[in-house]
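# Structural description and commentary
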Amino acid sequence: MSLTREGLRCAPGSVWLAAAMLCVAAASAVAAPAASRWSHTLKQDGVTVALTLDALTVNGLQAGALARLRVVLTSSEDGSPLPRVLPGVWFDVLDGSDAAAEDLSTCQRRIARYARGTGINPQALLDLNGYDVLTLNADASISVLDPRTQFAGKTSLKASLPLPGPGFDWATSADDRLLWVSVPAANAVSVSDLAQMRTLQTVALAGRPGRVRVEPGSERAWVGVAQADKASDPGGMAVIDPVPPFRQHWLPLGRGHAEVAFDPAGWAAVTQRDAADVVFIDRSTLKVVRRQTVPMRGQAPPQLLGVLFDDLSRRFVVVEAREGNLWSFDHRGEPVGSMPLKPGIGPMALTPDGRWLLVANPSAHKVDVIDLPAWRHAQTVPVSGRPFQIGATSSYAYIRALDSEAVSLIAIPSLSGTPRVQSIAMGERPPGRSANLPLAAQLAPMIDGSGSFVASPGDNAVYFYMEGMNAAAGSVSARGHELRAVRVARRGLREGAPGTYEMQVDLPAANRLVVAVATDAPRMRQCASVTLAPASPLAAPEWQLAWDGFPVTGTTLALRIEGTPERSLPGAVQVRLFQPGSAGLDVVAHARGQGRYQAELPDLAEGLWYVHPKPPDGSGAQWAYASFVRSAARR
């Protein structure tokens, strides 16, 4: 019997029974694939929990592999689904017997430890609950922060994701796994996987991107392009598939900054700042099906700054800033009404219940409140400091102003009568003092609606505010970055159908696991053991990059590529260097033999530098960025 690279070989003429049995057992161990599904049912106090893990790779359920977790909650009495009961789920190493893992008292202590969720308590290997706080930074990066640390020091930083340039706007998929970031300086969109905390790909576009929106249902990213590379080419929309290789569809439309809104059951509507038409697109065919020109009283062209979809009335609402009008179109693009406001209107947002539309007018220092079901102007709320961004929970609308360090909170229940407004300071410096503000918002409501995160670029900090308080509850600094915007990304399950919660997970790299499940109302605490097949042996890594030397004092940047034959290596490698807040420096590192590359740089300024290497086309490599500090001493 011998084990070769091709597989297990057994001599057919073997006469020894023991040898034959060993041969069959060994062959089974090599050939038998891992199971593709694991399921388990838990019951407690009238709640039935059906757990299922389905493999998403051909090798089955293996340690460290990709799988889809499904949790179905039903009533033990009649089998009816239990909707809106989001379960807490954790995976951890099983360090005892299966029976001990499923013991009720042991399970309850385990879940209590996980739920405390502070840095001093042992955490589960995989926590499928809660959310992360992301900051978009001026130095071409994204910081991923863990709010469970109460923003108490460096431990809040979970990861840093590089970008090919400063980000301008961003959006996530419905499950918050994919993050899309528009990067105007690179004429590209960066795609990152928030579950694996890594950048997947940079998608090149026809021109400078701006707004990013994710299409409901299909999860495609729609990216507005102000103008293509050639001056004679119009801008439009790039529609990008949500799976590799992230193929894109180009829709040439018009000129100017583009905005898009979606009817979840129908078309998309696109406005462009320097175009007179609202363009309606059939999302199933990506064909323009209607254009509607926005009429103007004067001779000046319209300035279309935004569009959104009113789900209650199933209509699109468009804001025209030059003359200050709102225009309404039904879901098939037919005009159904208009509302005169004042010139200068711009940013707008819906309250979560869909009843109120809030429209900011920076030049008039006010917010107009529209009763959407009645299609009437209901309130004008004065706001000092040029309001430019709006966020909302079920209780409050948050108004961010350029010239004020404070956020104005408008109580949403009071909009039917006299609006109640309070001002909460978020730092000491107003946002307008910071240069190069992106389109991405500085307001991010908390997942549970109990408050909001507020980015203060001038103070280089994120503040978190709990509703009902008279001041921010705390803050965290960017620590080495210059933050510009903030958003929240959920880590947990999503309810796809009543009582059914799903998500894609990267299983921990352990063979024996315990999965813990908890609900609060009704209350349930249960655990189950899971056994995974060992991970498949990994092939030798290819296209690995190593840094031989940074220009800390000199002018030479040196690197090498390992793991692939020298005959496959390119003659040069593209590298981008930049300092936070400054323009980048693109250089070419030329081959020097034996996988080594070298670039001679100009004399660099002192301070922190970031280095982004570009993997060769076709290599399939994903290289992380590096950084170094330029010393004051010069050779």
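Residues numbered from 1 in each chain as written. Predicted model: local features only at pLDDT ≥ 70, side-chain atom pairs only at ≥ 80, totals over all residues. Heavy atoms only, no water.

Turning to the state of the cysteines, a few remarks are in order. Considering all chains together, one arrives at one disulfide under this definition. Between the sulfur of Cys-107 and that of Cys-527 lies a disulfide, 2.1 Å long from S to S. Given an S-S torsion of about 80°, the disulfide between Cys-107 and Cys-527 has right-handed geometry. With Cys-107 in helix H3 (residues 104-116) and Cys-527 in strand S43 (residues 523-531), this pair connects stretches of sequence that are 420 residues apart. This pair shows no difference in class: Cys-107 is buried, exactly as Cys-527 is. (Disulfide = S-S within 2.5 Å. Helix = DSSP H or I, 4+ residues; strand = E, 2+ residues; numbered from the N terminus. Buried < 20%, exposed > 50% of the residue type's maximum accessible area, 1.4 Å probe, protein only.)

Before going further, it helps to examine the pairing of strand S11 (residues 169-172). Here S11 shows two buried faces, one formed by Asp-169 and Ala-171 and the other by Trp-170 and Thr-172. By the bridge criterion, four bridges tie S11 to strand S12 (residues 178-183) in an arrangement that is antiparallel. Residue pairing for S12: Asp-169 is matched across the bridge by Ser-182. Hairpin geometry of S11 and S12 is characterised by an intervening segment of five residues between the two adjacent antiparallel strands and by a positive phi of about 60° at Asp-176. (Pairing = 2+ DSSP bridges.)

In this structure the tally under the stated criterion is 27 salt bridges. The partner of Asp-506 in a salt bridge is Arg-177, and the shortest N-O contact between them spans 3.4 Å. Within this pair, whereas Asp-506 is found in strand S41 (residues 500-506), its partner Arg-177 is found in the loop between S11 and S12, the two being separated by 329 residues in sequence. Looking at Asp-506, the relative accessible area reads 23%, which means it is partly exposed. On the basis of relative accessibility, which here comes to 11%, the residue Arg-177 falls in the buried class. Here Arg-314 makes a salt bridge to Asp-263, at a shortest N to O gap of 2.9 Å. Of this pair, Arg-314 sits in the loop between strand S23 (304-310) and strand S24 (315-320) while Asp-263 sits in the loop between strand S19 (258-262) and strand S20 (268-272), placing them 51 residues apart in sequence. (Salt bridge = Lys/Arg side-chain N within 4 Å of Asp/Glu carboxyl O.)

This brings us to the layout of surface pockets. Estimated volume of the second largest pocket: approximately 1400 Å³. Along the walls of the second largest pocket sit 49 residues, with Ser-190, Thr-199, Leu-200, Gln-201 and Thr-202 positioned nearest its centre. Of all the secondary-structure elements, those providing two or more residues to the lining of the second largest pocket are strand S10 (157-162), strand S13 (188-193), strand S14 (198-204), strand S46 (572-578), strand S47 (585-593) and strand S49 (607-614). With six residues, S14 is the largest single contributor of residues to the lining of the second largest pocket. (1 Å grid on protein atoms, 1.4 Å probe; cavity = no way out; pocket = protein on both sides within 12 Å on 5 of 7 lines; lining within 4 Å. Points joined across faces, edges and corners; volume = space filled by probe spheres on them.)

Now for the sheet that holds S41. A sheet is described by the order of its strands in space; here five strands give the open sequence S3-S4-S5-S41-S40, paired in antiparallel fashion. Across the chains shown, the open sheet's two edge strands, defined by having one partner strand only, are strand S3 (37-44) and strand S40 (494-497). Sheet twist, expressed as the mean angle between neighbouring strand axes with direction ignored, is 25°. With seven bridges joining them, strand S5 (residues 66-75) and S41 adopt antiparallel strand pairing. (Axes fitted to C-alpha atoms, helices over the stretch in contact; angles between N-to-C directions.)

Look at H3: 19 Å from first C-alpha to last across 13 residues, which is about the 18 Å you get at 1.5 Å a residue. Turning to H3, its buried residues number three or more, namely Cys-107, Arg-110, Ile-111 and Tyr-114. The arc that holds every buried residue of H3, seen down its axis, measures 95°, which confines them to one face. The exposed residues of H3 that point more than 90 degrees off its buried face are Arg-109 and Arg-116. Contact partners of the buried residues in H3: strand S6 (88-93), helix H2 (98-102), strand S42 (512-520) and S43. (Expected span 1.5 Å × (residues − 1). Arc of directions from axis to C-beta. Contact = heavy atoms within 4.5 Å.)

Bringing the environment of Asn-470 into the picture now. Within the secondary structure, Asn-470 sits in the loop between strand S37 (461-466) and strand S38 (474-477). Along the sequence, Asn-470 and Ser-423 sit 47 residues apart, while their C-alpha atoms lie 8.6 Å from each other.

Bringing the nonpolar core into the picture now. Membership of the largest hydrophobic core comes to 31 residues, with the highest contact counts inside it found for Val-49, Leu-53, Leu-69, Phe-91, Val-505 and Val-515. Secondary-structure elements contributing two or more residues to this core are S3, strand S4 (47-55), S5, S6, S41, S42 and S43. The element that contributes the greatest number of residues to this core is S4, accounting for five residues. Aside from chain neighbours lying at most four places away, what touches Leu-69 is Thr-52, Leu-53, Val-89, Phe-91, Leu-128, Leu-493, Tyr-501, Glu-502, Met-503 and Val-505. (Core = buried A, V, L, I, M, F, W, Y, C linked by side-chain atoms within 4.5 Å.)

All right, on to the sheet that holds strand S8 (residues 131-137) then. Taking strand neighbours across the sheet as the criterion, the four strands line up as S10-S9-S8-S39 in an open arrangement whose pairing is antiparallel. In this open sheet, the two edge strands, each paired with only one partner strand, are S10 and strand S39 (483-490). In this sheet, neighbouring strand axes are inclined to one another by 20° on average, regardless of whether the strands run parallel or antiparallel. As judged from the five bridges shared by S8 and strand S9 (residues 141-145), these two strands associate in the antiparallel manner.

Attention shifts here to the packing of aromatic side chains. Applying the stated criterion across every chain, the model contains 10 aromatic pairs. A centroid spacing of 5.7 Å and a plane angle of 35° characterise the contact between Trp-90 and Tyr-114, whose relative ring orientation is tilted. Taken together, the positions of Trp-90 in strand S6 and Tyr-114 in helix H3 put the pair 24 residues apart, joining distant regions of the chain. Overall, the relative accessible area of 3% leaves Tyr-114 in the buried class. Three or more aromatic residues joined by ring pairs form one cluster here, namely Phe-280, Phe-309, Phe-316 and Phe-329. (Phe/Tyr/Trp six-rings, centres within 6.5 Å; stacked < 30°, edge-to-face > 60°.)

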